[in-house]
Amino acid sequence: MDGKKVVFRKVLVDDIGRYKFYVQLVCLVKGIKLSNTQVLVLVNFIMRGYNKFIKEEMVSEGIVKNSSIMANMLSDFRKVGIIEKNGGNEVLSKEFDFEFGKDLNVFQVILKNE
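Described in the following lines is the structure provided in the data block.

Cut-offs used in this document
- Here the residue numbers are simple positions, counted from 1 along each chain's written sequence.
- The model is predicted, so local features are restricted to residues of pLDDT at least 70 and side-chain atom pairs to those at 80 or more, both for listing and for counting; the totals for chains, interfaces and linings are taken over all residues.
- By convention in this description, side-chain values take in all heavy atoms of the structure and omit both hydrogens and water.
- By definition, any uninterrupted DSSP run of H or I lasting at least four residues is a helix, any uninterrupted run of E lasting at least two residues is a strand, and each is numbered from the N terminus.
- Working definition: with a 1.4 Å probe on protein chains only, accessible area under 20% of the residue-type maximum means buried, over 50% means exposed, and in between means partly exposed.
- Here a residue-residue contact requires only that any non-hydrogen atoms of the pair lie within 4.5 Å.
- The method behind every accessible area is Shrake-Rupley, applied with a 1.4 Å probe, and residues are considered shielded solely by the protein chains displayed.
- Each pair of strands is called paired provided DSSP finds at least two bridges between the two strands.
- His is not counted here, nor are the chain ends, while Lys and Arg score as positive and Asp and Glu score as negative.
- The term salt bridge refers to a side-chain nitrogen of Lys or Arg lying within 4 Å of a carboxyl oxygen of Asp or Glu.
- Take the buried residues of types Ala, Val, Leu, Ile, Met, Phe, Trp, Tyr and Cys, join any two whose side-chain atoms come within 4.5 Å, and each joined set is a nonpolar core.

Right, let's talk about the overall build of the protein for a bit. A count of helical and extended segments in the protein gives 5 helices and 2 strands. The N-to-C order of helical and strand elements in the protein reads α-α-α-α-β-β-α. Among the 114 residues that make up the protein, the fraction classed as buried is 33%. Put simply, 52% of the contacts in the protein that link residues at least 6 apart link residues at least 24 apart. Looking at the protein as shown, the accessible area adds up to about 7,600 Å², and 49% of this sits on carbon and sulfur atoms.

Here is the structure:
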């Protein structure tokens, strides 16, 4: 890791905590900097799916303040490769398009994708 010190203070065992941990770890490895809100939005996309309905729902739920902020976040995600084009559709990149199963280990997912 090129001399970077990594400290994980707390790992949550609930679903959101596991997804947040995974997202933060992948972003660290890839050198992607995300705000806490961007991590939460990405976790929601991973857990709930990436589509127009979910984008609108996150705005109405108050996860993101308004649709302009959501559009800016999506633009940022595209710039760093979190969202990619697949044919005529946009999809989450392979590192972020997964589902945790009962026996799935976070580190196994990272090793498979690297």
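Text resumes after the structure shown.
Moving on to the pairing of strand 2 (residues 89–92). The sheet contact formed by strand 1 (residues 83–86) and strand 2 spans 4 bridges and is antiparallel. From the neighbouring strand, Ile-83 faces strand 2, where its bridge partner is Leu-92. The hairpin turn running from strand 1 into strand 2, its antiparallel successor, is 2 residues long, and Gly-87 in that turn takes a positive phi close to 70°.

Note that Ser-93 resides in the loop between strand 2 and helix 5 (106–113). The exposure class of Ser-93 is buried, given its relative accessible area of 1%.

By the element assignment, Ile-83 lies in strand 1. Leaving out residues up to four positions away in the same chain, Ile-83 has contacts with Tyr-50, Leu-74, Phe-77, Arg-78, Glu-90, Val-91 and Leu-92.

Turning our eyes to something else, we now look at the side chain of Lys-55. On the secondary structure map, Lys-55 appears in helix 3 (residues 52–60). An unpaired buried charge is present at Lys-55: no salt bridge exists, and Glu-90, the closest side chain of opposite charge, is 4.7 Å distant. The contact partners of Lys-55, leaving out residues within four places of it in the chain, are Phe-45, Tyr-50, Met-70 and Leu-74.

The next subject is the nonpolar core. A general trend in soluble globular proteins is that nonpolar side chains are found buried together. Counting residues in each nonpolar core, the largest one holds 25 residues, and the members touching the most others are Phe-45, Leu-92 and Phe-96. Going through the elements one at a time, helix 1 (15–30), helix 2 (36–48), helix 3 and helix 4 (67–79) are the ones with two or more residues in this core. Among the elements that make up this core, the one with the highest residue count is helix 2 (6 residues). With near-sequence residues (within four places) excluded, Leu-92 lies in contact with Leu-42, Phe-45, Ile-46, Tyr-50, Ile-82, Ile-83 and Asp-97.

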